[in-house]
Amino acid sequence: MDRAFHRRSQSYPRPVVALISLCKDLLQGRWGAVFTALLLGLIGVASTLVQPTIIGRLVDGFQSPSENGTYIPVIAVLFVLSAVTATLQGWILERVGQQTVFDVRTSVLRKLDQLPFLYLHRLTRGQLVSRIISDTYMLRDVVAKGLVEAILGLVTVIAAFILMGRIDLVLLLVVFGALMIVIVAISFVAAATRPAAAAMQEQVGDLTSKVSVSLDATKTLRAGNNERYVTERSVRAAEKARDIGLRLAFLRAIVQTVSNVSVQLVIIAVIAIGASRTAAGVLTLGELSSFILYAAFAVVPAANFAGILASLNEAAGAYDRVTEVLDEPSEDRDGAVEKVPSNHENEFEFQNVDFSYPGGAPVLQDATFSIPRNKTTALVGLSGEGKSTIFSLIAQLVDPGAGCILFRGRNTAELSRKTVRAALGLVDQTPPLVGETVLSNLAIGNENLVRDEAQAVLTALGLNEDSVPNKQLLDYPVGEGGKNLSGGQRQRVALGRALLLQNDILLLDEPTSNLDGFSDAAFKRALYQFRRGRTNVVISHRLSTIQSADQIIVIDKGRVESVGTHEDLLRESITYRALVESQRIE
């Protein structure tokens, strides 16, 4: 179940505030399970705290075997009760932790669908993967388990101190003084783990990104013996991750060592001082035995507080990174109009549109043109002139810096992005395949697709059973990103998906760049068959693809140089004529 979290982009400077804030954010709807685990824990604590008293009486009563016989079964029952409650408590908290991780991951994944295109473009793939996988998993134990352990630890320490005070105040002061020193020392060390853990997560994200790029480019790199270059980049990122990890491990080791040593020193001090007081007749041997056990019960959770504190600091840093994504404003517009008439003369009208990417030079300047309904429009020009940016503007991935864009007569600034996108289909220059099989890719956005329709469109595009080895074409596994298919096959599957959706407007960015002449001809026939009488917008470097367009828009240095048919532009546009003559329609 997807959950909406109350999120705050802030750092939590104090451990108690951090724990309370994280739990308030992440445990919505699961407080019943947490309280059940807490109740089981309290039963376990009670059964544990009774044991030292009984053991003390057992030690003092060695001279009365008949009386001791009644204590042993009681101790056994208490041990079993502690074990059962601990098991149930651990199971409940593990379920809560796993569900919390699932809910946060689901929220982040759904948020990705709403984030601005430029925000996603700015982050690396590794950074996003790190937030979704590593950062969310760090919340698993700390949230519910950390809260319950902190409360039970506090209850245990207070109860153990009260019971120790009833036995011997002098030994109680020894234990209290030692614990205060240990807790203060550990707190300073644990506070340093948060920035180290945050740096570790960032570096893991960087390493993930570099390895991903290296794997994607394996074929190209190995062909030129250049794989060592990117491998060394990944190795250097791994070295940085190792160095940060070693620093973090050192801090954790200090915390753990101080915790372990503190337990040992406190017990040794209690035994040494308690032995002298027992020899002096102040304490019995049974009372000293009870006190030692209570001291251990008090020292262990107090020392574990250091580990909880260190984990909490790391989790708070991870949660900050997650909330950076969750708190990013969504791309959609408030108060958006959802219904637009579909019978307008023009699908899109660009009116004096300027655009530039953050920190970059202008890509489009004073662009003014229209895309008529039920016609094919082609965009031509040299690479980098702004053609793909026009597609991004049409698809509402970015907004114009100046001017306006009309969709069926309405300003897109007044419309929901989803309203515009519902009319669009897009085939990119490098179309990714995201389904498991060819058929599952074709069915994206068309869940009721039948096999015969899917096969018909692939056949029209020149993709048939002979295209794959020993498999039914529709059931052929495409592999990660479509790696089991050739570039031309991937492009035709993407084209087939777009043709089957029958969107009102189809955007085709270099749709035949990976196709041979025969496949290009098949594409044009399929486009005519499936898209006749609909709106198509094409970017292509192939003259054969664009010359039959109803309208051709020539983009030169970010400006609309001319608009017309192929024949008109050959007569009137020097730029277009030069592109055609050199076959550099890109």
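Cut-offs applied
Throughout this description, residue numbers start from 1 for each chain and increase along the sequence as written. Only residues with pLDDT of at least 70 get local features here, since the model is predicted, and only at 80 or more are side-chain atom pairs given and counted; chain-wide, interface and lining totals rely on the full set of residues. As a rule here, side-chain values cover all heavy atoms of the structure and leave hydrogens and water aside. Under the scheme used here, helices are H or I runs from DSSP no shorter than 4 residues and strands are E runs no shorter than 2 residues, and both carry numbers assigned from the N terminus. Each residue's exposure class comes from its accessible area (1.4 Å probe, protein chains only) as a fraction of the maximum for that residue type: buried when under 20%, exposed when over 50%, partly exposed otherwise. Residue-level accessible areas treat just the shown protein chains as cover; the underlying method is Shrake-Rupley with a 1.4 Å probe. Only protein atoms enter the 1 Å grid used here, on which a cavity is any set of points holding a 1.4 Å probe that cannot leave and a pocket is any open set flanked by protein within 12 Å on both sides along at least five of seven lines; residues with an atom within 4 Å of a point are listed as lining. Grid points are joined across faces, edges and corners, and a volume is the space filled by probe spheres set on the points. Residues were grouped as follows: Ala, Val, Leu, Ile, Met, Phe, Trp, Tyr, Cys and Pro as nonpolar; Asp, Glu, Lys and Arg as charged; and all remaining residues, including Gly, as polar. One fewer than the residue count of a helix, multiplied by 1.5 Å, yields its expected span. Two axes are fitted around each residue, one to the seven residues ending there and one to the seven starting there, and the angle between them is reported as the bend at that residue. Contacts are residue-level and defined by heavy atoms, with any inter-residue pair within 4.5 Å sufficient. For two strands to be treated as a pair, DSSP must find no fewer than two bridges joining them. An axis is simply a line fitted to the C-alpha atoms; with a helix, the fit covers only the stretch in contact. Between two such axes, the angle follows the N-to-C directions and lies from 0 to 180 degrees. As used here, the term nonpolar core means buried Ala, Val, Leu, Ile, Met, Phe, Trp, Tyr and Cys residues forming a set that is joined through side-chain atoms within 4.5 Å. Definition used for salt bridges: Asp or Glu carboxyl oxygen within 4 Å of a side-chain nitrogen of Lys or Arg. pLDDT is a per-residue confidence score from the predictor, ranging from 0 to 100. Two aromatic rings, drawn from Phe, Tyr or Trp (for Trp, its six-membered ring), form a pair once their centres lie within 6.5 Å of each other, and the interplanar angle then sorts them: stacked below 30 degrees, edge-to-face above 60, tilted otherwise.

### A short note on the overall build of the chain
Part 1 of the argument: Within the chain one finds 21 helices and ten strands.
Part 2 of the argument: With 586 residues in all, the chain has 45% of them scored as buried.
Part 3 of the argument: Entry remark: accessible area of the chain is about 28,700 Å², with carbon and sulfur atoms responsible for 58%.

### A few points about the layout of surface pockets
Part 1 of the argument: Its boundaries defined by the atoms lining it, the second largest pocket holds a volume of some 820 Å³.
Part 2 of the argument: Of the residues belonging to the lining of the second largest pocket, the class tally is 18 nonpolar, nine polar and one charged.

### As for helix H5 (residues 125-137)
Part 1 of the argument: Helix length check: H5 (13 residues) gives 18 Å between terminal C-alpha atoms against 18 Å at 1.5 Å per residue, within 8%.
Part 2 of the argument: At Arg 131, H5 shows its largest kink, close to 35°.
Part 3 of the argument: Within the span of H5, buried status applies to Gly 126, Leu 128, Ser 130, Arg 131, Ile 132, Asp 135 and Thr 136.

### Thoughts on helix H17 (residues 487-501)
Because each turn of an α-helix spans 3.6 residues, side chains separated by three or four positions in sequence point in the same direction.
Part 1 of the argument: The first and last C-alpha atoms of H17 sit 22 Å apart over 15 residues, in line with the 21 Å expected at 1.5 Å per residue.
Part 2 of the argument: Along H17, twelve of the 15 residues are buried, which leaves the element largely enclosed by surrounding structure.
Part 3 of the argument: Of all the positions in H17, only Gly 488, Gln 489, Gln 491, Arg 492, Val 493, Ala 494, Leu 495, Gly 496, Arg 497, Ala 498, Leu 499 and Leu 500 are classed as buried.
Part 4 of the argument: Along its buried surface, H17 packs onto strand E6 (424-427), helix H15 (438-442), helix H16 (451-460), strand E7 (505-509) and helix H18 (517-531).
Part 5 of the argument: Gln 502 sits one or two residues past H17 and shows a positive phi near 55°.

### Points about the sheet that holds strand E10 (residues 559-564)
Part 1 of the argument: What the six strands build is an open sheet, ordered E6-E7-E8-E3-E9-E10; its pairing is mixed. Each edge of the sheet is formed by a strand with only one pairing partner; in this case those strands are E6 and E10. Averaged over neighbouring strand pairs, the angle between their axes works out to 15° when direction is ignored.
Part 2 of the argument: Two strands pair when backbone bridges link them, and E7 and strand E8 (residues 535-539) are joined in this way by five bridges, in the parallel orientation. Bridge pairing in E8 places Leu 507 opposite Val 537.
Part 3 of the argument: H18 rests against E7 and E8 of the sheet, and its axis sits at about 165° to E7.

### A word on unusual backbone geometry
Part 1 of the argument: Here the phi dihedral of Gln 396 falls at roughly 60°; this positive angle occurs in a residue that is not glycine.
Part 2 of the argument: With respect to the secondary-structure elements, Gln 396 resides in the loop between helix H13 (387-394) and strand E4 (402-407).
Part 3 of the argument: Among the residues examined, Gln 396 registers a relative accessible area of 1% and is labelled buried.
Part 4 of the argument: A positive phi angle, close to 55°, is found at Lys 557, a residue other than glycine.
Part 5 of the argument: Assessed through its relative accessible area of 64%, Lys 557 is described here as exposed.

### Some words on the environment of Gln 99
Part 1 of the argument: Structurally, the position occupied by Gln 99 is in helix H3 (residues 65-112).
Part 2 of the argument: Put simply, Gln 99 and Arg 30 are 69 residues apart on the chain and 9.4 Å apart in space, counted from C-alpha to C-alpha.

### Re the nonpolar core
Part 1 of the argument: Core analysis: the biggest nonpolar cluster contains 32 residues, and Phe 161, Met 164, Val 175, Phe 291 and Ala 295 have the highest contact counts within it.
Part 2 of the argument: Among the secondary structure elements, those contributing two or more residues to this core are helix H2 (31-60), H3, helix H7 (144-167), helix H8 (169-191), helix H11 (227-279) and helix H12 (285-326).
Part 3 of the argument: Sequence-distant contacts of Phe 291, defined by excluding residues within four places in its chain, comprise Met 164, Ile 167, Asp 168, Leu 171, Leu 172, Val 175 and Val 270.
Part 4 of the argument: Ala 460, Leu 461, Leu 500 and Ala 526 belong to the second-largest nonpolar core, a separate cluster that totals 31 residues.

### Some points on the pattern of salt bridges
Part 1 of the argument: Inspection of every chain in the model, using the stated rule, returns 13 salt bridges.
Part 2 of the argument: Across the pair Arg 30 and Asp 103 runs a salt bridge whose closest N-O atoms are separated by 2.7 Å. Remark: Asp 103 occurs in helix H3 and Arg 30 occurs in the loop between helix H1 (15-26) and H2; sequence separation between them is 73 residues.
Part 3 of the argument: Since its relative accessible area comes to 9%, Arg 30 is described here as buried.
Part 4 of the argument: Of the charged contacts in the structure, one is a salt bridge between Asp 568 and Arg 571, with a shortest N-O distance of 2.6 Å. A residue pair is termed a helical-turn pair when its members lie 3 or 4 positions apart in one helix, as Asp 568 and Arg 571 do in helix H20 (residues 566-572) at three residues.
Part 5 of the argument: Asp 568 sits in the partly exposed class, given a relative accessible area of 27%.
Part 6 of the argument: By sharing partners, the salt bridges in this structure join Glu 347, Arg 408, Asp 504 and Arg 534 into a single network.

### Focus on the confidence of the model for the chain
Part 1 of the argument: Of the residues in the chain, 85% reach a pLDDT of 70 or more, and the chain-wide mean stands at 80.
Part 2 of the argument: Taken as a whole, residues 6-13 scores under 50 in pLDDT and shows 23 contacts with residues more than four places along the chain or in a different chain.

### A look at the packing of aromatic side chains
Part 1 of the argument: Counted by the stated rule, this structure contains five aromatic pairs.
Part 2 of the argument: Centre to centre, the rings of Phe 350 and Phe 369 are 4.5 Å apart; their planes meet at 15°, and the pair counts as stacked. Taken together, the residues span a long stretch of sequence, with Phe 350 in strand E1 (residues 346-356) and Phe 369 in strand E2 (residues 362-372) at a distance of 19 residues.
Part 3 of the argument: The exposure class assigned to Phe 369 is buried, which follows from its relative accessible area of 5%.
Part 4 of the argument: Between Phe 355 and Tyr 357 the ring centres are 4.7 Å apart and the planes differ by 90°, which places this aromatic pair in the edge-to-face class.
Part 5 of the argument: Given the relative accessible area of 5%, Phe 355 is considered buried.

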